[in-house]
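# A closer look at the structure
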Amino acid sequence: MSTAVRGRVCVQASGFGGDEKRVDSRTIYVGHRPGPATEAFIPPKFCDNRIVSSKYTVWNFLPKNLFEQFRRIANFYFLIIFLVQVIVDTPTSPVTSGLPLFFVITVTAIKQGYEDWLRHKADNEVNKYPVIVLEDGRKESEKIKVGDIVEVMEDETFPCDLILLQSSRDDDTCFVTTASLDGESNHKTHYTVPDTEKDLQSLSATIECEQPQPDLYKFVGRMYIYKTGQDPAVRSLGPENLLLKGATLKNTKKIYGVAVYTGMETKMALNYQGKSQKRSAVEKSINAFLLVYLCILISKAVVCTTLKYVWQSQFGQDEPWYNQKTQKEKDTYVYLKMFTDFLSFMVLFNFIIPVSMYVTVEMQKFLGSFFITWDKDFFDPEIQEGALVNTSDLNEELGQVEYVFTDKTGTLTQNNMEFIECCIDGFQYKNTDSMSELDGFCVTDGPVSKLQQKAGLEKEELFLRALCLCHTVQVKEAGPDEIDEIDGVQVDGLAAGLSQPDEERGFIASSPDEVALVKGAMKHGFTFLGLENKTMKIRNWQNDTEIYELLHVLNFDPVRRRMSVIVRNKSGETLLFCKGADSSIFPRVRPEEVDRIRMHVERNATDGYRTLCVAYKQLSPEEYAVADAGLRDARLALQDREEKLMVVYNQVETEMSLIGATAVEDRLQEEAAETMEALQGAGMKVWVLTGDKMETAKSTCYACRLFQRGTELLELTVRTLEDGGRKREERLHELLLDYHKKAVQDAPPVKAGVTRSWSNSNQEYGFIIDGATLSLVMNPSPDANSSRYKNLFLQICQNCTAVLCCRMAPLQKAQIVKLVKNSKGSPITLSIGDGANDVSMILEAHVGIGIKGKEGRQAVRNSDYAIPKLKHLKKLLLAHGHLYYVRIAHLVQYFFYKNLCFILPQFLYQFFCGYSQQPLYDAAYLTMYNICFTSMPILAYSLLEQHIAIEILLDNATLYREIAKNAMLRWGPFLYWTVLGIYQGLLFFFGVRYLFSNPALQDNGQVFGNWSYGTIVFTVLVFTVTLKLALDTRHWTWINHFVIWGSLAFYVFFSFFWGGIIWPFLRQQRLYFVFANMLSSVSAWLVIILLILLSLLPDILLVVLRKPRGPHARKKKKCQSSAGSSQSSRVSIRPLLMRTFSDESNTVI
């Protein structure tokens, strides 16, 4: 019996938690040892511990992949054409469409198979990872069952969700980093279940806990510990006992935990949003153009079929006089004949649909993605890694981004805190060497011991004690030669004046703020020495050690926005120390104390610092007894535990005395402000989605220049909803209408292309919303108009320069992205984050970007692209994205154009051959036109072209706007290319026909036949479309030269070779010596050269007559004018013809 459920049936969850009907709780037998004999056993069906992210298996790869590929219009169309050629007697061989189709399907299948193999490999690394299970010894991670007791060593990742039973640390705790889950790289402390057996082999216990749910910070359960002859001991279980899959064990040699959730039921798996197939806007444009060309194709086939029967109905045109058909023969199967004729014309003209374009696009995306990987500017020496491309299908989307959704902690900021200043009893203390007056408050120049008499010594000591006691920080003892780095908190000498043992001490905590505050107190003379067996020790100014008994920790949570500790000192006094956000502390202290400190807090928040207020309260024995009993009862509750604890917390944390406030700085990522400014200059709207509190996030937005000093902030948070004293929904509706009037109705229309710096005359708006209010907007009560709320909210946000969403749950982030993604105009969205809490929004956006942190790769694994630092986003979008889009847009338009040039003469030829479906070109030319003769030059162009130098693209962000909203694949450019193709097709056909009006084209008086006619047209065609691409190329490399001139040389060589040998496998050899014979005619040479020049004349005139325009032209002129003054000014004009893609140096050629 593997596991058992007591009195309940548990339904297995599949997928990501699904909507299966579930019971409220599950019961797990620790180590699969049954409890008391009276218990009933029902075998459960818990899912196994496998993680599956791959798409195919060996067995289903072929059918599934083929099904997906034939869902593409072009592939399905060519399959039908191929079958028609096989079944019906058509003018061309089935090979002409079958070979290109087979090539396309094979190359795409290999690419997708390789990508899925990489996913399988990543899954196997996780699933086959060896783990030690107490009952079975060493086995693979995927074989862990619910109820197994698992051993995890230091620096290992937890293989499933575990309840901590035993730790190697003396204080029964362990330290964990959850960087891969929530982006926080700091140590969190978890506790063992009290009173468990030291010998886990003999432990008899059951765990009753809630069913799997995605909230990372919630867990409710009870553990029943059975001992012979005694009633079972009941212990409460909470998030502090639960170790999550994906988290890593730190600073603890080993732990033992019992598996409660496995595989796809773990909290990490439940927080995944299933990967959907992302399609780029370019692919949608291709499908639209394809339908147009399909209509052209059907029209041609209908016209030719109709004209054929009209022509044949005339006397003497149908059959020769000596072989006339009777009327009965003519009327038999007439409709079937018409249909087969229609199909034959479809086959003859089907090359207008460029099936090979798909394989070229696939190759362009796949090979083009390597340029991102190879870019040396993306290499980060700190982590010794560069950029990573997980999905090559979206390269061009990087050039079309309209909305950027970014996480804050770890993405915009480094999550590295530093204590800046504090305020005690209204007086400010700053770590500076000079003395000055600021806002009328005293600013000291040294440690607190040298304070002026204004702030009492007692208050100062109390404040520093509060900083040393009110936290969950742990002390790490390092070896004498060891300098460790603990997730952003460097463990080294902490203060120059400390004794040697203290220099070897470092701090680890669940929040970097807490470490910063403890270090701040140390700078001012109070040192936290550590926590042992519920005893906290601190050293004061006099170098005396003070000892406090830790009675209770009232943990921080986002609703209360504060945390407290209850301690007892040597003299028996019970004290409560509390720290938290100003909005949370001020209502719980005396009003006269608030006024002295409020000004400091507000100014610090405006300066971009994280602020916390500190308060305390002395508890009488009666008050403590009531609080102690309430806390113990609430912690044992299985239902509504959080609510019951909250009630007790709120009862205790009242009538406190405010001591002071602190200011801590969270440093921005390198070049974060410049990157955000460049993105806004490029016309992108930046939204910050964070789980952090509003004040902190707001200060980060100011520091990143997303909010300017003149920006008017429109706030839609719980605080503003409760200001009016009315129902929340009424107030929400009123505020939405008010903000809509202000930001949308009364705002002047924004001119296209106007950047922020040029439009300062207009009032700029920033929008702030929190998670609770967003829930009201997205899911209002049944009587409210939900779509009305969403529309108002969206319109306001779209008219703001930046939007800040704070206190967001991971799935709320995805909701916001989805809302914008599906709004009017379907804007292209990009999400960037570094933690598993960002995975949902990364998967939801059109383009997902993960940032490679020091730890935690969930975001990276689920992203489309990964970069080491935020600053790299600028080049990824403004340079790579811009160039990828321009290249692929040109590729798509060029493919349609060259196929129109190719098939239009074939269509015109039918008017001169009695609509007999006679091909104009030889079968070898039909097959090889797209595969060999014209494919390589456009592939090289689409990989290497730089119409504007990278330096100019980076320096001038507004260039990004020129290609916004799919500018190069709209109907205007498409029409231009189509008209050009029609003009050249007509010129090819009628130009050669004019040549053939002279019957004797050779010296010996012999005339050319129909295959010579087609070959001359085809020669002009191949040279024209290839040279057209050469004219469009702005950035020449040896590869471009090789493929363009090499393709033309190959065509000439192939034509001589194909027509110069008698091939035994051909039933008829139409081109035998045709090409060589054709080139013996001077007239043919003249017409070929003349037609090529006439065809390219419009392009040559455009190049010569068109003046350079736009910002990049101005930049070029500026560069040229100052070329003699400095080297750097010459760099940006050099690359167009002379440098390779990766050449970023300042060397001047």
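The model shown is predicted, which means the values in this text are computed figures rather than measured ones. (Residues numbered from 1 in each chain as written. Predicted model: local features only at pLDDT ≥ 70, side-chain atom pairs only at ≥ 80, totals over all residues. Heavy atoms only, no water.)

## Section: the sheet that holds strand β1 (residues 25-29)
Strand order in the open sheet made by the four strands is β1-β8-β9-β10, with antiparallel pairing throughout. With one partner strand each, in any of the chains shown, β1 and β10 (233-237) form the two edges of the open sheet. Put simply, the sheet's adjacent strands are angled 20 degrees from each other on average, direction ignored. One ladder, built from five bridges, connects strand β9 (residues 221-225) with β10; its direction is antiparallel. Residue pairing across strands places I225 opposite A233, the latter belonging to β10. (Pairing = 2+ DSSP bridges. Helix = DSSP H or I, 4+ residues; strand = E, 2+ residues; numbered from the N terminus. Axes fitted to C-alpha atoms, helices over the stretch in contact; angles between N-to-C directions.)

## Digging into the pairing of strand β4 (residues 149-153)
With four of five residues buried, β4 lies mostly within the body of the structure. The pairing of strand β2 (residues 130-133) with β4 spans two bridges and is antiparallel. What sits directly across from I132, in β4, is E151. Direction of pairing for β4 relative to strand β13 (residues 254-261): antiparallel, over a ladder of five bridges. When the sheet's bridge partners are listed, V150 is paired in β13 with G257. (Buried < 20%, exposed > 50% of the residue type's maximum accessible area, 1.4 Å probe, protein only.)

## Quick notes on the UniProt feature "transmembrane region" (unreviewed entry) in the chain
The residues that UniProt annotates with the feature "transmembrane region" (unreviewed entry) are residues 70-88, 288-311, 342-361, 974-996, 1011-1030 and 1042-1063. In the segment residues 70-88, helix accounts for 79% and strand for 0%; the C-alpha atoms at its two ends are 22 Å apart. Helix makes up 75% of residues 342-361 and strand 0%, with an end-to-end C-alpha separation of 31 Å. (UniProt positions renumbered as here; feature names shortened; annotations may be inferred.)

## Observations regarding unusual backbone geometry
One can expect most non-glycine residues to show negative phi and most peptide bonds to be in trans. With a phi close to 70 degrees, N543 is a non-glycine residue in the positive phi region. In this structure, N543 sits in the loop between β25 (535-539) and β26 (545-554). Located in the positive-phi region is E655, a residue other than glycine, with phi close to 50 degrees. You can see E655 is positioned in the loop between α16 (641-652) and β30 (657-668). Exposure remark for E655: the relative accessible area of 68% places this residue in the exposed category.

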